[in-house]
Amino acid sequence: MSIQRINVVGVPVDVCLPEDIEGGVLELLAKPGTKQIVFLSIWDLLKARRKNDYGECVRNADLILPISKSIIKGAKFLKKSIPVRYNRFSAVIEMLSVLERHYKSIYLLGAHNLTLQKAESNVRDTFPDLQIVGRCTGYYSRASEDAVVAAIYKAMPSLVLVSEGIKEKDVWAYNRRNCFASSIFVYYRDAFAIFADRKKRMADKIFNSRLEIVVEILHNPFKIFLIFPYLWYTLLLIWHRLFNNT
């Protein structure tokens with residue numbers, strides 16, 4: 001696959017054109033072992049710079065798709081190849097379409113039971129040739145962990161879509177990467193809520209505009225304090241541009 005990996009302030013980001021998604025997914029399916037696709041926001045990028053499980057997860061991910069304009073601008077400022085910014089919902093729909101076209105399978109993990117049932121039903125209606133080989137709710141007890149892992153291993157899905165109710169988020173699959181045979185894992189918190197019509201997806205007009213963060217602040221005024229990590233990100237970009245642009 002013609003996907004290029006660059007580095008933005010010490011964190012890997014992939015330059016993946018939309019037309020390369022299908023080839024990228026199929027190439028990952030052909031590889032043995034657990035694979036992972038990560039959606040990366042600017043806040044995730046800052047978190048991944050630290051020495052923690054999430055940072056290790058991102059650095060070892062097979063495909064890292066940026067979802068924040070700030071990452072695109074940062075790559076441009078550092079004079080790197082410029083990545084494509086992805087809408088998580090649209091990207092997941094494209095991945096499911098790829099799987100359906102090639103008669104692959106999916107496992108659904110997360111959400112409460114009613115939401116998961118409705119999401120599964122709508123996925124079946126939308127992708128009739130996509131095989132759903134299992135599902136498990138999120139918010140499960142620690143005692144159920146082994147059974148959940150065993151069920152996914154036994155089902156051997158092409159892709160596991162992980163949604164709300166999985167406390168470790170992206171890191172869940174990374175920390176259990178040796179427990180699975182050949183699946184791709186993708187974490188998208190709102191996936192099942194949107195599939196179940198419980199939550200509206202962000203309109204393309206808002207996603208493509210500069211109003212996305214404004215909408216988020218209107219929903220949660222405390223997000224105004226994200227200005228401080230954003231200023232830190234700006235300083236990091238300047239530092240890397242001047243002294244460490246590798």
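Use the structure listed above.
Overview of the structure. Predicted, not measured: the structure shown is a model, and the values here were computed from it.

As a further point, take the overall build of the protein chain. Helix and strand content of the protein chain: twelve helices and eight strands. Relative to the compact-globule value of 18 Å for 246 residues, the protein chain shows a C-alpha radius of gyration of 18 Å, a close match. Projected onto its principal axes, the C-alpha coordinates of the protein chain cover approximately 50 × 40 × 35 Å. Expressed as a percentage of the 246 residues in the protein chain, the buried residues total 47%. The contacts in the protein chain between residues at least 6 apart in sequence include a share of 77% that link residues at least 24 apart. Accessible surface for the protein chain amounts to roughly 12,800 Å². Of this, 56% is attributable to carbon and sulfur atoms. Of the side-chain charges in the protein chain, 35 are positive and 24 negative, and the distance between the mean point of each set is 7 Å.

Here six strands make up an open sheet; going across it, the order is E4-E3-E8-E7-E5-E6 and the pairing parallel. Of all the strands in the sheet, just strand E4 (63-66) and strand E6 (131-136) have a single pairing partner and so form its edges. The mean inter-strand angle of the sheet, taken between neighbouring strand axes irrespective of direction, is 20°. Inspection of the sheet shows strand E5 (residues 105-109) paired to strand E7 (residues 159-162) by four bridges, in the parallel sense. Counterpart to Leu108 in the pairing with E7 is Leu161. Of the strands in this sheet, strand E3 (35-40), E4, E5, E7 and strand E8 (184-187) are in contact with helix H5 (residues 88-101), which crosses E3 at around 155°.

This brings us to H5. Look at H5: 20 Å from first C-alpha to last across 14 residues, which is about the 20 Å you get at 1.5 Å a residue. Among all positions in H5, only Phe89, Ala91, Val92, Met95, Leu96, Ser97, Val98, Leu99 and Glu100 are buried. Measuring from the side-chain oxygen of the N-cap residue of H5 to the backbone nitrogen of Phe89 gives 2.9 Å; that N-cap residue is Asn87. Directly after H5, the chain includes Tyr103, whose backbone phi takes a positive value near 55°.

Thresholds, definitions, all that
Residues numbered from 1 in each chain as written. Predicted model: local features only at pLDDT ≥ 70, side-chain atom pairs only at ≥ 80, totals over all residues. Heavy atoms only, no water. Helix = DSSP H or I, 4+ residues; strand = E, 2+ residues; numbered from the N terminus. Rg over C-alpha atoms; globule rule 2.2 N^0.38 Å. Buried < 20%, exposed > 50% of the residue type's maximum accessible area, 1.4 Å probe, protein only. Contact = heavy atoms within 4.5 Å. Areas by Shrake-Rupley, 256 points an atom, 1.4 Å probe, with all protein chains shown as cover. Lys, Arg positive; Asp, Glu negative; His and termini not counted. Charge placed at Lys NZ, Arg CZ, Asp CG, Glu CD. Pairing = 2+ DSSP bridges. Axes fitted to C-alpha atoms, helices over the stretch in contact; angles between N-to-C directions. Expected span 1.5 Å × (residues − 1). Polar contact = N/O pair within 3.5 Å; in protein donor to acceptor, adjacent residues only side chain to side chain.

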